[in-house]
Amino acid sequence: MSVVVVDLLRQLLSPPAEHRLDVRDRVVVITGAGTGIGRALAEKLYASGASVALIDIDQAAAAAVGRSMGERALVVRADVSDRIGMREAISRVRERFGRIDVVVANAGVVPEPATIRTMNPGDFDRVIGINVTGVFNTVHPALEDIVAAKGHVVVVSSAAAFAPGMAGSPYMVSKAAVEQFGRALRVELAAVGATAGVAYFGIVDTAMTHGTLDEDDLGADLGALLPWPLNLRITVRDAAESIADGIARRAARTIAPPQWEPYALFRGVINVVLDSRLARDPRVHDLIHRVEQRVIDVDHPVTPIPR
Ligand SMILES: NC(=O)c1ccc[n+]([C@@H]2O[C@H](COP(=O)([O-])OP(=O)(O)OC[C@H]3O[C@@H](n4cnc5c(N)ncnc54)[C@H](O)[C@@H]3O)[C@@H](O)[C@H]2O)c1
């Protein structure tokens, strides 16, 4: 059902053929391209004839991806939370390829599981610095190039932008911010002939997912609260395909798997009911107690909660 709805929306919202963006002979910048979704996207777009700039804080991972490609790949080590470093990274892409047509702000991290009460404040800043400020630092220095090329920007958000955020709020906050960033950019760039879109994913089978949901017992219990079909996992190839399709269509938004679309569309009503139910759910209370009791932060001690 939701797949049909998504296809219908896609057809209705697709631009005319002359507005489609073919990445062949175009220059695409991807952050977080050393592994996971970014890597799969880089490989896909390279195979489609794009020149790709692989930006990652992990030089070795990005270099390994670059080595599997040819002349049309450029590896740049940069931390997206470093504004000056990112300006230099974008300059290097410009110097090498002479233009920038597409930017995909994909690099992102997750916090240590914690409630807001027990959180290490530094972890909040780290996640916001990479996931939100990092998106600004990636996109801003490339915008004159994007406008000149009438190109496209993708910011990678998540279903976390609208799903409940307990025990991982810096991530949810960051992805909601990225969503707003992308929406504002979409309207602003339309005035100057370029486009932007927001990419949403449910659960993608990557190192990030393994670390948060599989290898962490509390993460696994939190993940178990997700009902079918929201607990479906997609591969990095599916995720890359979703972004690549969005670039080709200059889509305002992409969402994968499509089973998340009804929640995305009707979130206003659903979340009013959901938040109220979660706040009353003893299983959620138990999880919150377990998360809080696990956090030992000498800089920000909290009194353990009596059970
Ligand atoms: N995996 C999921 O289920 C999922 C779901 C929704 C959205 N997302 C989003 O998709 C994006 C990619 O996620 P992933 O699962 O492929 O993650 P991943 O952890 O597998 O890969 C992230 C990449 O980003 C790089 N990176 C991390 N911090 C960086 C920094 N400061 N500067 C530059 N590079 C940095 C890492 O080195 C790594 O190569 C993220 O923004 C994530 O929030 C992921």
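The structure presented is a predicted model; accordingly, all values stated were derived computationally and were not measured.

Before we move on, can you summarise the sheet that holds strand S2 (residues 51-56) with the specific residues and values?
Read across the open sheet, the seven strands follow the order S3-S2-S1-S4-S5-S6-S9; overall the sheet is parallel. Of all strands in the sheet, those bounded by a partner on one side alone are strand S3 (73-77) and strand S9 (253-256). Across this sheet, the average inter-strand angle for adjacent strands is 15 degrees, counted without regard to direction. Each of strand S1 (27-31), S2, S3, strand S4 (102-105) and strand S6 (195-201) is contacted by helix H2 (residues 36-47), which is oriented at about 170 degrees to S1, the strand it contacts most.

Describe the UniProt feature "domain: Ketoreductase" (unreviewed entry) in the chain, naming the residues involved and giving the relevant values.
Under the UniProt annotation, the feature "domain: Ketoreductase" (unreviewed entry) is placed at residues 26-200. When the span residues 26-200 is considered, its composition is 48% helix and 18% strand, and the gap between its end C-alpha atoms is 24 Å.

Give a description of the pairing of S1 that names residues and reports values.
Counting buried positions along S1 gives five out of five residues, so the element sits mostly inside the fold. Looking at chain direction, S1 and S2 are connected through five bridges and run parallel. By the bridge assignment for S2, Thr-31 is matched with Ile-55. Of the strand pairs in this sheet, S1 and S4 are connected by three bridges, and their pairing is parallel. When the bridges of S4 are listed, Ile-30 appears paired with Val-104.

Quick rundown of the environment of Ala-264? Include the residues and the values.
Structurally, Ala-264 can be placed in helix H11 (residues 261-265). Linking Ala-264 and Ala-163, residues 101 residues apart in sequence, is a C-alpha distance of 8.9 Å. Setting aside residues up to four positions removed in sequence, Ala-264 forms contacts with Phe-162, Arg-253 and Ile-255.

Now, about the site of the ligand: what can you tell me, with residues and values included?
Not every one of the 29 residues close to the ligand is listed here, only the nearest: Asp-56, Asn-106, Tyr-171, Val-204 and Thr-206. Ile-57 is positioned such that a nitrogen or oxygen atom in its backbone is 3.3 Å from a nitrogen atom of the ligand. In the environment of the ligand, a nitrogen atom lies 2.8 Å from a nitrogen or oxygen atom belonging to the side chain of Asp-79. Here the ligand has 830 Å² of accessible area as a free molecule, and 92% of this is covered by the chains. At three residues, helix H8 (residues 207-214) tops the list of elements feeding residues into the shell around the ligand. Partitioning the shell around the ligand into residue classes produces 14 nonpolar, eleven polar and four charged.

For a nonpolar patch on the surface, give the residues involved together with the corresponding values.
On the surface, a cluster of nonpolar side chains totalling about 270 Å² of accessible area is made up of Leu-265, Phe-266 and Ile-270. Along the chain, Leu-265 falls in helix H11.

Before we move on, could you go through the nonpolar core and cite the residues and values that matter?
Core analysis: the biggest nonpolar cluster contains 41 residues, and Val-139, Val-153 and Phe-162 have the highest contact counts within it. The element that contributes the greatest number of residues to this core is helix H4 (residues 83-97), accounting for five residues. Leaving out residues up to four positions away in the same chain, Val-153 has contacts with Val-103, Val-139, Leu-143, Ile-146, Leu-185, Leu-189, Thr-195, Ala-196 and Gly-197. Core analysis: the next-biggest nonpolar cluster, separate from the first, contains 31 residues, Leu-41, Ala-42, Tyr-46 and Val-52 among them.

Outline the pattern of salt bridges, listing residues and values.
With the rule as written, the count across this model stands at 17 salt bridges. Note that Arg-94 is salt-bridged to Asp-145, the shortest N-O span being 2.8 Å. In this pair, Arg-94 sits in helix H4 while Asp-145 sits in helix H6 (residues 143-149), placing the two residues 51 residues apart along the sequence. Asp-214 serves as the salt-bridge partner of Arg-233, at 2.6 Å between the closest nitrogen and oxygen. Pair noted here: Arg-233 is in strand S8 (residues 233-234) and Asp-214 is in helix H8, with a separation of 19 residues, a long-range link. When its relative accessible area of 38% is taken as the criterion, Asp-214 is described as partly exposed.

Basis of the calculations
Residues numbered from 1 in each chain as written. Predicted model: local features only at pLDDT ≥ 70, side-chain atom pairs only at ≥ 80, totals over all residues. Heavy atoms only, no water. Pairing = 2+ DSSP bridges. Helix = DSSP H or I, 4+ residues; strand = E, 2+ residues; numbered from the N terminus. Axes fitted to C-alpha atoms, helices over the stretch in contact; angles between N-to-C directions. Contact = heavy atoms within 4.5 Å. UniProt positions renumbered as here; feature names shortened; annotations may be inferred. Buried < 20%, exposed > 50% of the residue type's maximum accessible area, 1.4 Å probe, protein only. Near = heavy atom within 4 Å. Polar contact = N/O pair within 3.5 Å; in protein donor to acceptor, adjacent residues only side chain to side chain. Areas by Shrake-Rupley, 256 points an atom, 1.4 Å probe, with all protein chains shown as cover. Nonpolar A, V, L, I, M, F, W, Y, C, P; charged D, E, K, R; others polar. Patch = residues over 30% accessible without salt bridge, like charges linked within 9 Å, V, L, I, M, F, W, Y side chains within 5 Å. Salt bridge = Lys/Arg side-chain N within 4 Å of Asp/Glu carboxyl O. Core = buried A, V, L, I, M, F, W, Y, C linked by side-chain atoms within 4.5 Å.

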